[in-house]
Amino acid sequence: MTGLDLLSPHQRGLLIGGAWREADEDRRFDVLDPADGSVLTDVADASVADAVEALDAAVAAQADWARTAPRERGEILRTAFGLIADRADDFAELMSLEMGKTVAEAKGEVAYGNEFFRWYAEEAVRIHGRWMQAPAGGSRLLTIKKPVGPCLFITPWNFPLAMGTRKIGPAIAAGCTMVVKPAELTPLTMLALAGVLEEAGLPAGVLNVVPTTRAAEVSRALQGDDRLRKVSFTGSTAVGKVLVRQSADQLQRVSMELGGNAPFLVFEDADVDAAVAGAMVAKMRNMGEACTAANRFLVHSSVAAEFAEKLGARMGALRVGRGQDDGVDVGPLIDEKAVESVGQLVTDAVHDGATVVTGGSAPDGPGYFFTPTVLLDVPADSAINVQEIFGPVAPITTFETEEEAVARANDTEYGLASYAYTRDLSRTIRLAESLDYGMVGINTGLISNPAAPFGGVKASGFGREGGFEGIEEYLETTYVALPAG
Ligand SMILES: O=CCCCC(=O)O
């Protein structure tokens, strides 16, 4: 069985109201293999009318779904968790094919993404309000939690499974119905996931999936509909701003998980070997195609040469190739535009005065590959330090003092992930409090965890996914005032 076998022919269609809808050839679009640009398969291309029908189905299912017992919703998630775990290798293969990441990395995403289902299977039964005496005595204050209602989820191509499960999991647990629009570049994993949820017993209409090449029209139409109550998006800040504007007329609730420009600070007291190991994870997870990816390496001048040399050696030893081949560490980027954009940032950085420690260009041949690259002495205002790279390039600059490091780390419109290596506990506390980011990793290059609240501040968006906080995004609070009796 290959990953593609996870999808039966009808599952390469739209899922609306519990029925898979196939489409004629002229209403389908191709899904490409980023390793060589060949066509993997095609899927149905939802029209705006299809998307509105998907919302109709979500609206029709909402009231009954909200009335189900929390345990019933939790059990569906727990069953889906088991099915995904059983088919982890096939999910990984499928994701590797459509997205490019190595099968080993895709297995990591399957395990990570699936944990959102297990976590929210457990949280479904812990939704609760509160009861209190009013401060002045007399009345009693009661709160109850209700699902926000039908949601629209727009998921990205870089984590085709995990960015779905961390929206779908809490929505199911909370009793919300949903329409999911997966990324045009990677719809297959989401279609396979929808099949598993069906198999796990999710009632018809709770989850509707509409792959489409008309993302802008679809989101505009659905957000213009007052029956849609919530939008959750993972993707670029530019698109997030459009969705937030579109949410205004119907005052939809929004969760926005947007771009990042993560600083990775290495202080003079850091364990440099540990910092290099952490940098490899923070930079190279998902080939650098992650909003959490370390984007700027700010290294104390006293350890910069050692850090650059060791990081360069590790990056230079990585094997680039097709994600399904044995021994490959780094797969292709998602498309040609991605390779051009990363290449341009590197060229500009070198023009601005940076030195290439390793890599520096795209290899010759088919596919959208970029050689892992380390740059030293990159000016702070070089474009590569200002915008999200989304590729396997580590630009290093130096600093002299903690104040300077923090000021430069915070000197960005973004505020998602940040990382620091230090052995000084007081400094750790100062950094946690002064780094203007939704997430701070200390002496680790991996902060993502289904039990933790993932999210950013400033242009990186708002709302939290995962953890106890994640389910709150799908719950409304009703306050009930009662007399003392
Ligand atoms: O691009 C951002 C996706 C978030 C990946 C993660 O959960 O770590």
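Every value quoted in this text rests on a predicted model; they were computed, and no experiment measured them. (Residues numbered from 1 in each chain as written. Predicted model: local features only at pLDDT ≥ 70, side-chain atom pairs only at ≥ 80, totals over all residues. Heavy atoms only, no water.)

Peer 1: What is the right way to read the overall build of the protein from this model?
Peer 2: Scanning the protein for helices and strands turns up 15 helices and 20 strands. Across its three principal axes, the protein shows a C-alpha extent of roughly 70 × 65 × 40 Å. In the protein, the share of contacts with a sequence separation of at least 24, taken over all contacts with a separation of at least 6, comes to 73%. For the protein, the exposed area adds up to about 18400 Å²; of that, 52% sits on carbon and sulfur atoms. Treating the 42 positive side-chain charges of the protein as one cloud and the 67 negative ones as another, the clouds have centres 8 Å apart. (Helix = DSSP H or I, 4+ residues; strand = E, 2+ residues; numbered from the N terminus. Contact = heavy atoms within 4.5 Å. Areas by Shrake-Rupley, 256 points an atom, 1.4 Å probe, with all protein chains shown as cover. Lys, Arg positive; Asp, Glu negative; His and termini not counted. Charge placed at Lys NZ, Arg CZ, Asp CG, Glu CD.)

Peer 1: Can you help me understand the domain arrangement of the protein in this one?
Peer 2: Often, the extent of an interface is quoted as the loss of accessible area upon association of its parts. Split into domains, the protein comes out as domain 1 (3-259 + 460-480) and domain 2 (262-413 + 417-449). Taking the mean C-alpha position of each, domain 1 and domain 2 sit 31 Å from one another. With 25 residues of domain 1 at the interface, the matching set in domain 2 holds 27 residues. Taking both sides of the interface into account, the surface hidden between domain 1 and domain 2 amounts to around 2000 Å²; carbon and sulfur atoms contribute 56%. On the surface where domain 1 and domain 2 come into contact, there are 2 salt bridges. Elements supplying a minimum of two residues to the side of domain 1 that touches domain 2: helix H3 (88-99) and helix H4 (103-123). Among the elements that line the side of domain 1 that touches domain 2, the one with the most residues is H3, at 5 residues. Residue composition of the side of domain 1 that touches domain 2, by class: 10 nonpolar, 7 polar and 8 charged. (Domains from an automatic or database assignment. Buried area = accessible area lost by both parts, 1.4 Å probe. Salt bridge = Lys/Arg side-chain N within 4 Å of Asp/Glu carboxyl O. Nonpolar A, V, L, I, M, F, W, Y, C, P; charged D, E, K, R; others polar.)

Peer 1: Just to check I follow, could you spell out the environment of Val239 for this structure?
Peer 2: Within the secondary structure, Val239 is located in helix H8 (residues 237-247). On the accessibility criterion, Val239 (40% relative accessible area) is partly exposed. The spacing of Val239 and Ala216 is 23 residues in sequence and 9.2 Å in space, taken between C-alpha atoms. (Buried < 20%, exposed > 50% of the residue type's maximum accessible area, 1.4 Å probe, protein only.)

Peer 1: Help me understand the sheet that holds strand S5 (residues 131-133) in this model?
Peer 2: Strand pairing in a sheet takes place through backbone hydrogen bonds and is either antiparallel or parallel in direction. In spatial order, the strands read S5-S6-S20; together these 3 strands make up an open sheet with antiparallel pairing. In this open sheet, the two strands that pair with only one neighbour each are S5 and strand S20 (475-482). Going across the sheet, the axis of each strand differs from the next one's by a mean of 25°, ignoring polarity. Two elements, S5 and strand S6 (residues 140-147), share 3 bridges in a ladder whose sense is antiparallel. The residue bridging Trp131 from the neighbouring strand is Leu142, located in S6. (Pairing = 2+ DSSP bridges. Axes fitted to C-alpha atoms, helices over the stretch in contact; angles between N-to-C directions.)

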